[in-house]
Amino acid sequence: MRRIAAGALFTGAVLATSPHTANANSAPSIEIASTVGAEAREYANAHPGEMKTMASLCGSSYDVIVRAERLPDETRLGTLWVYSNTSAASNSQNTCALFDNNTGRAMWMKLQLCDNYTTTPCDTDQGTFSQYAGPVWQEPGGCGKVTALMKTSSSSSTYIINRVINNVTACN
């Protein structure tokens with residue numbers, strides 16, 4: 001499911017004004033990986049509907065959350081969600097990421113997910129989005145790197161969010 005810049009969806013799987021209004025009750029239960037830090041675990045537990053809805057955008061096999069990070073900090077202008085298909089630490093696990101826009105207005109965003117293999121291209125979604133960037137996938141994608149960028153426009157030189165995380169999933 002790829003979106004175009006205005007936030008419309010190519011498929012009919014989730015046709016809503018916000019990704020958070022999709023039917024979270026139909027999403028599978030989401031496991032929180034043991035490697036998720038206390039703050040991210042607390043955030044994910046406090047937002048179960050949002051956690052399930054974002055997971056449903058990745059697909060039904062992505063039922064383990066490995067990261068829920070408010071960006072750039074507790075002001076939460078964006079939220080980085082990373083899901084996996086297994087809770088076991090592995091560099092061969094499949095990975096999906098989404099970058100939620102929580103500003104209330106369209107922003108230029110870039111989300112990139114790279115695996116730890118040198119022969120595989122990164123998966124990238126970038127443009128001006130009012131809802132979210134992504135989902136992006138790596139299969140396999142464990143031990144990879146995720147980049148989440150946000151600024152007011154593509155021509156702006158100032159990033160509101162500039163977050164790069166190596167080893168985004170637990171590695172074996």
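All values derive from a computational prediction rather than experimental measurement.

About the thresholds
Going along each chain's sequence as written, the residues are numbered from 1 onward. Thresholds applied to this predicted model are a pLDDT of at least 70 for local features of residues and 80 or more for the giving and counting of side-chain atom pairs; totals over whole chains, interfaces and linings are not thresholded and use all residues. Processing note: side-chain calculations cover all non-hydrogen atoms of the structure and skip hydrogens and water entirely. Strands here are runs of E lasting at least two residues and helices are runs of H or I lasting at least four, both read from the DSSP assignment and numbered beginning at the N terminus. Counting rule for disulfides: a pair of cysteine sulfur atoms within 2.5 Å. Three exposure classes are used, based on accessible area relative to the maximum for each residue type with a 1.4 Å probe and protein chains only: buried under 20%, partly exposed in between, and exposed over 50%.

A. Up close: unusual backbone geometry. With an omega of 0°, the peptide bond running from Leu71 to Pro72 counts as cis. Position of Pro72 among the secondary structure elements: in the loop between strand S2 (64-71) and strand S3 (78-84). Backbone torsion omega between Gly134 and Pro135 reads 0°, so that peptide bond is classified as cis. As for its position among the elements, Pro135 is in strand S7 (residues 132-138). With phi around 50°, Arg76 is a residue other than glycine that occupies positive phi space. Take Arg76: it is sitting in the loop between S2 and S3. With a phi close to 50°, Asn167 is a non-glycine residue in the positive phi region. Positionally, Asn167 belongs in the segment after strand S9 (161-166).

B. Representation of the state of the cysteines. Taken as a whole and judged by the stated rule, the model has two disulfides. Sulfur-sulfur distance for the disulfide between Cys58 and Cys96 comes to 2.0 Å. Handedness here is read from the sign of the S-S torsion; for Cys58 and Cys96, about -80°, the answer is left-handed. With Cys58 in helix H2 (residues 48-58) and Cys96 in strand S4 (residues 95-101), the pair connects residues that are 38 residues apart, well separated along the chain. Each member of the pair Cys58 and Cys96 is classed as buried. Across a sulfur-sulfur distance of 2.0 Å, Cys114 and Cys122 are joined as a disulfide pair. Torsion about the S-S bond of the Cys114 and Cys122 cystine: about 110°, corresponding to right-handed handedness.

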